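Fold and contact review
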Amino acid sequence: MTIVYTIVSLSAIGTLAAVILYFVAQKFKVYEDPRIDDVEKALPGANCGGCGFAGCRAFAESCVKASDLSDLFCPVGGNDCMTGVADILGMEAVVQTPKVAVVRCNGGCDQRPKTNQFDGASSCAVAASLYSGETGCQYGCLSHGDCVTACDFDAIHMNPETGLPEVIDDKCVACGACVDACPKNLIELRKKAPKDRKIYVSCRNEDKGGVAKKSCSVACIGCSKCFKVCPFDAITMANNLAYIDADKCKLCRKCVVECPTNAIVELNFPPRKPKTDLPPKPAAKTVEKAAAPKESATDSQTENNETK
Amino acid sequence: MSKLLTISPSPHVHTSESVNKIMYRVILALVPALVWSVFMFGLDAVRVTLLAVVACMGFEYLIQRFMMKEEPKITDGSAALTGILLAFNVPASIPSWIIIIGALVAVGVGKLSFGGLGNNPFNPALVGRVFLLISFPVQMTSWPVGIHAQTDAVTTATPLAILKEGVKAGQPIADLMHKLPSSIDLLYGNIAGSMGEISAALLILGFAYMLWKQVITWHIPVFVLGTIFMFQGGLFLLNPYKFIEPVFHLLTGGAMLGAIYMATDMVTSPMTHKGQFVYALGIGVITVLIRNFGAYPEGISFAILIMNGFTPLINVYLKPKRFGGKN
Amino acid sequence: MLKTFKIGGVHPAENKFSADKAIEKLALPKSVFIPVAQHIGAPAQALVKKGDQVKVGQIIAQAGGFVSANIHSSVSGTVKKVDLATDASGYPKQGIFIDVEGDEWEDTIITDDKLIEKFDTDSKTIIDKINAAGIVGLGGATFPTHVKLMPPPGSKAEMLIINGVECEPYLTADHRLMLEKGQEILVGTRILMAALGVNKAYIGIENNKKDAIGRLKELTASESSIEIVPLKVKYPQGGEKQLIKAVTGREVPSGALPIAVGAVVSNVGTAFAVYEAVQKNKPLIERVVTVTGKSVSKPSNFMVRVGTPVNELIDAAGGLPEDTGKVISGGPMMGKAIASLDVPVTKGTSGILIMPDQDAKRKTSQNCIRCGRCVTVCPMGLEPFLLMTVSERQIWDRAESDCIMDCIECGSCSFTCPADRPLLDYIRLGKGKVGQIIRSRKK
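Residues numbered from 1 in each chain as written. Chains lettered and ligands numbered in written order. Predicted model: local features only at pLDDT ≥ 70, side-chain atom pairs only at ≥ 80, totals over all residues. Heavy atoms only, no water.

**Quick notes on a nonpolar patch on the surface**
There is a patch of nonpolar side chains on the surface, built from Met1(A), Ile3(A), Val4(A), Tyr5(A), Ile7(A) and Val8(A) and spanning about 680 Å² of accessible area. Counting through the fold element by element, Val4(A) comes out in helix H1 (residues 2–27). (Patch = residues over 30% accessible without salt bridge, like charges linked within 9 Å, V, L, I, M, F, W, Y side chains within 5 Å. Areas by Shrake-Rupley, 256 points an atom, 1.4 Å probe, with all protein chains shown as cover. Salt bridge = Lys/Arg side-chain N within 4 Å of Asp/Glu carboxyl O. Helix = DSSP H or I, 4+ residues; strand = E, 2+ residues; numbered from the N terminus.)

Laid out in C-alpha cells, this is it:
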C-alpha cells in the first residue's frame, strides 16, 4: 500500500511542479534574437574584452543591434571571424589590418641603472602610483609584469636578463589588455608587417635629451635625426620624442642606422650587408621644432642637447 | 652614495606579529593538554600525536612540492597545528594507519585542495576527524581506559556516550548521575574521551595564554560556551528528567577543545565580532541539538563544520560598523 | 579615563628619541630648491625668473587658484633657474632654485622673538593675512588653511580643534613646538578662533606628552574658551576624523568634511605659523622638522627653511649612518620613502626618519589567514583584506560599495597584518581608481 501512496503523491508533486514551471516560463519569457547565438558561436569565445565589450556575448549583442560593423572588430578572431559574423548578419565586413603589441621601452638593467630599490607590492600599478620608478627614467618600464598578468593568451613574458617584457608575435591577438594594464603607457598595438618585421621607437622618454641620456643609454633624446632621414614622412617629433607611424613606415631601416642612441629598434630583419653603400642622405627637411639641433656629428649630439 | 635606498609605500614599520608566531603560540597553548593526555594514555598518546604531526607536515610538503609545484611552506606551523588538533580529536588507541589516512584527508582534501593556508573553507583537522568518524566508526569510538585505571577492561565509554545510551533507554537523568563522572573529574580530565579533549582545566589554561598573547579574542569561545550553557540550561529547566544540567555539557566531550581551539580557527571563522556572535550561536545551538536529539553522542565537530560553511555568508552580511556610516 | 576614538587603532612602538631635544635653528644652506606645489590643490605660478634677486619672505610664486597657496622665498639670493627636480613625491616637479647670498629679510617682517598678544579680530583681515602668507596645514596634509577658515555656505563652525596629537612614532616636532612656543600657539589659536567666529577651542594632546599638556594647561588656567584635552595614546588619533571623535564624540559622516559636524581642525604647527603670519607678518618659510632614526647619532628637532635639501639636515644630525636602508620624509606610518637625499624640505615635511637596513625591507607576504586583525584595527571600520583583494582583481564597483573612499591611508592594516600582506598598497591604488571613476561619472 505504501508504495502506491508514494507513487501517487510523488507524481502529483511532479505534475504540479511542471504546471507551475510552465506558467512561470511563459510569464517571464524574454525574446532574444536567435542571431545573437549564431554570432556568438562564430566568435572565438575567449571573453578577453579586446573588442571593448564585456565578453563575447555582449559583443555579439552589439553586432546584432548595430547598423553596420565599421566600429566593431574582434581582434582575436581577426578578419576571418568578422567575415563570418558579417555573413550571419547579412552585412559588409570591414577589413582591418592585423595588429600586434609592441613594448616601447628598451632600457634593460645594463642600459638604465637603478637609482633605488622598490620593495612594495610587486605590481606596476602600485609602483607607478607611488613614485617615478626604480631608475632615473620616469617614463620607462617598471618591470613588475602587470602586462604579463593581464595577458590571457600567454603572449607576453618578462625577460629575466633585461627585466623587460617581450611579446611573442604568434601568440599575440592584439586584444589590448596589456596596453590598458601598463601604467606607463609603453605598449602599443602596431600594424603587423610581413614576416613580423617591425621598426619602432623603443622609448617613451619625454625628458630633454641630456636628462634622458643620463638616466638611460638607449633613450630617445629627441635629436630629430630620424625625422630628417625618413623618406616617407612616417616619423613625427613631439615632446623630445620621435614616433614612427606604422601606417606610413615602409620599413626601409634608414632611421635605425641614423639613431645615435639605438632607441629605434628593428626586429625580424635579415642581417644587414656591410655598410659600404648606404644611400645618400636626402636633403634636410625643414625642421618644425625649434629645439631640434642642427645636423652635426653623432658624438657631439648629446652634448649639444644637454646645454639646451 | 654607493648603496641604493629602498623605496616602499607606507607604512614603513610593522608589528612583530607573524603567521608563524600565531601558529606556534596556539601549539604552545595546546602543550599542557598534550602532557595530560600522555599522562593518561601513556606512550600511545605520543605515538598518535607524533604520527599525526609528521604525516600532516609530510603530506603538506609532498603535495605542495610535487602537485602544486610551489615552494613548500611547512615551516609556517599550520600543518603541525592541524596534526596536533587531529590527534587531539581521536582516541589514543587508534591504529596508526587510520591516523595517517586522517592526516591525508585533513591536509590534502581539507586544506590544500582549496589552495592552502587561508583558502580552506572548513577547519582541516575537523574535516579529517569527521572523515574518520564516518569511515571508521568502530575504531573512532572505542575509547581506551587510562593507564592508571584500576580495571581490567580495555575500553570504556565517554560520559556523553553513557548519557546518550541511558536517555535512549528511557532512564531519568537522576538514575544516570551515579554512572557519570563528577564535575571535578570532568574538570581535570579523569575521564574517557579523545586524546586532547579530556582535561577542561588545562584547555582553559591554554585559552588564558592565547588571550594574554592576543592570539585570539575571547568572543568566539565565550559565545559558544555561553550558548551551550544557556540552551542546555533552558532544556534542563523545562524537563530536568530528560535533560542534564548544562555544566556537564560544557565540561564533557569536545566542547572546550572545539570552542577554544577549533571554532576560533581564523581562516574559517567570521571577521567581525557581530559575525562571530552569530557563528558561535550557531555552533552552540547545533551542538546541543545533536547531543540531545541526534544520533551521535557528540556534535561539536559537526556544528563547527556546518558553521564554517556559513562563514562566507556571515562575512558578506555582517559588515563592521563603518566610521561615520549609518548603521 | 582618558578620551580616545572608538573603533580600531594600533600601538606602534613610539621611539620618540628626540623628545627632549630643544628646537635648533639650522644653518642656512648654500642653495635651496622650492617646489611650487607644496600643498593640496593647484600648483602656484612662479613669479620670478632666472637671475632675479630675492629677499627672505618675498613672494616668488602666486597661488594658482582658490585651493592653492602662495610660495615665499625662504632665503635671500639669486634665482638660479626655474626647472624640474625630484621632490619627496618621487616625481620631477616644477620649482625655483635659489643660490643663497646673505640673509636679508623683507622689511615688513618683524624678526624679534617678542610675544605680541593683541590682534585685529576682524575675520576678513585675518584670513587675508593667512592667505597672503601661504599657510597650509603643517600636519602633513598641507591643505591651504585659508580655505578651511571659510566654511562653505550653509555650514557653520562651532569649535576649533587644535591637533597636538602627533601620533606618528618617532616624530617630535609638534611636541617641542608646544613646549617651547606654547604662548605663541595659544595666540595663534585665538586668532584662528576669531577668524572662524567660534568661542570654543580644544587642544588635543596624546598622553605621552605630559610636559606639553602641563605647560599648555598652566598657560590656559585662567581661560575657559581654550580647553586642553589629554588623549589616550593610540594611532591614528591625529587623523582629523579620529581626533574629532576623540575630543567631541561626534562622528564625521562618510564622505563629508569635518565642518559637517561643526568642527575645524588645525595642527599646532599651523597655529604657530598663523601667529607668525598675523602678528609678525612672516610668511610660511620655515618649519620644525624632526631628524631621527634608530642609528642616527644625534636625533634632533630643527627649525628649517623651506627648500633646504634633506642631506643638510641629516649632516646636522650627525650624518647618514652606515647602515641606512631607507630614508623617509614624514613619519613611519604615513611618510614617503625618498630615493635621493637632494629632495627639499617642504611645508609638509614634519620629519626625516632614517631606517637601518634590518628595518627597511618588508618581509615576504604570505597567504591571508583571515584573522580579521585588519578589520579590528581599521579606524574607519572598513575591511582592508577585502578591499585589497577587490583592488588587486580590479573589481572597482565592489570596492566602491565597500567604502574604499573612506580609507584614510593610515596604514594600521598593513602594520598589523601577521601575513605581511601589502594591504594599503593595493587599497591606495584602488582608492585612486575608484576616485577617478566617481569623478568621471559626475562629469
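**Here we look at the interface of chain B and chain C**
Every contact between the two is made by 38 residues of chain B and, on the other side, 64 residues of chain C. In this assembly, chain B packs against chain C so that about 4200 Å² is buried in total across both faces, 55% of it on carbon and sulfur atoms. A per-residue breakdown of the area chain B buries against chain C is headed by His12(B), Met271(B) and Phe323(B), which together make up 21% of the total. Our count for the contact surface shared by chain B and chain C stands at six salt bridges. Its salt-bridge partner being Glu251(C), residue Lys321(B) comes within 3.1 Å of it at the nearest N-O pair. Where the side of chain B that touches chain C is concerned, the elements lending two or more residues are strand E1 (5–7) and helix H1 (19–41) of chain B. (Contact = heavy atoms within 4.5 Å. Buried area = accessible area lost by both parts, 1.4 Å probe.)

**Details of the pairing of strand E14 (residues 300–305) of chain C**
Moving residue by residue along a regular strand, the side chains alternate between the two faces of the sheet. Residue and element names in this part refer to chain C. Extensive coverage of E14 is indicated by the burial of six of its six residues. Side chains of E14 alternate between two faces, with Ser300, Phe302 and Val304 and Asn301, Met303 and Arg305 buried alike. Taken together, the three bridges between strand E1 (residues 23–25) and E14 define a ladder with parallel strand orientation. Bridge pairing in E14 places Lys25 opposite Met303. In the sheet, strand E13 (residues 286–293) pairs with E14 via six bridges, with the strands oriented antiparallel. Bridge pairing links Arg287 to Val304 in E14. Hairpin remark: E13 followed by E14, antiparallel, with six residues in the connecting loop. (Buried < 20%, exposed > 50% of the residue type's maximum accessible area, 1.4 Å probe, protein only. Pairing = 2+ DSSP bridges.)

**A word on the nonpolar core**
Ranked by size, the top nonpolar core spans 131 residues in total, and within it Leu30(B), Met210(B), Tyr261(B), Tyr279(B), Ile283(B), Ile304(B) and Ile427(C) carry the most contacts. Here this core gets 11 residues from one element, more than from any other, and that element is H1(B). The residues contacting Ile283(B), other than those within four sequence positions of it, are Val224(B), Ala263(B), Ile300(B), Ala303(B), Ile304(B) and Met307(B). (Core = buried A, V, L, I, M, F, W, Y, C linked by side-chain atoms within 4.5 Å.)

**Section: the sheet that holds strand E5 (residues 59–62) of chain C**
Within the open sheet, the three strands sit side by side as E3-E5-E6 (chain C). Their pairing is antiparallel. Across the chains shown, the open sheet's two edge strands, defined by having one partner strand only, are strand E3 (45–46) and strand E6 (71–72) of chain C.

**Looking at a positive patch on the surface**
Together, Lys208(A), Lys50(C), Lys80(C) and Lys81(C) make up a positively charged patch on the protein surface. Tracing the chain through its elements places Lys80(C) in strand E7 (residues 77–86). (Lys, Arg positive; Asp, Glu negative; His and termini not counted. Charge placed at Lys NZ, Arg CZ, Asp CG, Glu CD.)

**Things to note about the pairing of strand E9 (residues 159–164) of chain C**
All names here are of chain C. The buried fraction of E9 amounts to six of the six residues, a majority that puts the element mostly inside the structure. With burial as the criterion, each face of E9 is covered, one bearing Met159, Ile161 and Asn163 and the other bearing Leu160, Ile162 and Gly164. Of the strand pairs in this sheet, E9 and strand E12 (residues 263–267) are connected by five bridges, and their pairing is parallel. The partner of Leu160 across the bridge, within E12, is Val264. Direction of pairing for E9 relative to strand E10 (residues 201–206): parallel, over a ladder of five bridges. Opposite Ile162, over in E10, you have Ile203 as the bridge partner.

**Concerning the environment of Glu134(A)**
Residues and elements named next belong to chain A. Looking at the secondary structure, you find Glu134 in the loop between helix H5 (124–130) and helix H6 (146–150). On the basis of relative accessibility, which here comes to 15%, the residue Glu134 falls in the buried class. Along the sequence, Glu134 and Cys255 sit 121 residues apart, while their C-alpha atoms lie 30 Å from each other. The residues contacting Glu134, other than those within four sequence positions of it, are Lys114, Thr115, Asn116, Gln117 and Phe118. Of the polar contacts made by the side chain of Glu134, one reaches the backbone nitrogen of Phe118; its length is 2.8 Å. (Polar contact = N/O pair within 3.5 Å; in protein donor to acceptor, adjacent residues only side chain to side chain.)

**Some thoughts on helix H3 (residues 56–65) of chain A**
Buried within H3(A) we find Cys56(A), Phe59(A), Ala60(A), Ser62(A), Cys63(A) and Val64(A). Tucked inside the fold, the buried residues of H3(A) contact helix H2 (34–42) and helix H4 (78–89) of chain A.

**Regarding the layout of surface pockets**
One number sums up the size of the second largest pocket: a volume of about 1400 Å³. Residue lining of the second largest pocket: 43 residues in total, with Val211(A), Lys214(A), Leu84(C), Ala85(C) and Thr86(C) positioned closest to the centre. Looking at the lining of the second largest pocket, the elements that each hand over two or more residues are helix H8 (209–215) and helix H11 (298–306) of chain A together with strand E2 (31–35), E7, strand E8 (92–100) and strand E16 (336–338) of chain C. Here the lining of the second largest pocket takes six residues from E7(C), the largest share from any one element. In terms of residue class, the lining of the second largest pocket is made up of 15 nonpolar, 17 polar and 11 charged. (1 Å grid on protein atoms, 1.4 Å probe; cavity = no way out; pocket = protein on both sides within 12 Å on 5 of 7 lines; lining within 4 Å. Points joined across faces, edges and corners; volume = space filled by probe spheres on them. Nonpolar A, V, L, I, M, F, W, Y, C, P; charged D, E, K, R; others polar.)

**Side note on the domain arrangement of chain B**
Residue and element names in this part refer to chain B. Along its sequence, chain B is carved into domain 1 (19–140) and domain 2 (156–317). Centre-to-centre, using C-alpha coordinates, domain 1 lies 21 Å away from domain 2. Contacts between domain 1 and domain 2 engage 36 residues on the former and 33 residues on the latter. A combined buried area of about 2900 Å² lies between domain 1 and domain 2, and 75% of that area is made up of carbon and sulfur atoms. The largest share of the area that domain 1 buries against domain 2 comes from Arg25, Trp36 and Leu126, three residues that together contribute 20% of it. Counting every contact that joins domain 1 to domain 2 gives zero salt bridges. Across the domain 1-domain 2 interface, the total number found is eight residue pairs in polar contact (both at pLDDT 80 or more). Elements supplying a minimum of two residues to the side of domain 1 that touches domain 2: H1, helix H2 (43–67), helix H3 (78–88) and helix H5 (124–135). (Domains from an automatic or database assignment.)

**Section: helix H4 (residues 96–111) of chain B**
Taking 1.5 Å per residue, 16 residues should reach 22 Å; H4(B) reaches 21 Å between its end C-alpha atoms and fits that length. Considering only its buried residues, H4(B) is in contact with H2, H3, H5 and helix H6 (137–140) of chain B. (Expected span 1.5 Å × (residues − 1).)

**Regarding the sheet that holds E1(C)**
Each strand in a sheet pairs with another by means of backbone hydrogen bonds, the pair being arranged parallel or else antiparallel. All names here are of chain C. Strand order in the open sheet made by the six strands is E1-E14-E13-E17-E15-E16, with mixed pairing throughout. A strand with exactly one partner marks an edge of an open sheet, and here the two such strands are E1 and E16. On average, each strand axis in the sheet is tilted by 30° relative to the strand beside it, whichever way the strands run. (Axes fitted to C-alpha atoms, helices over the stretch in contact; angles between N-to-C directions.)

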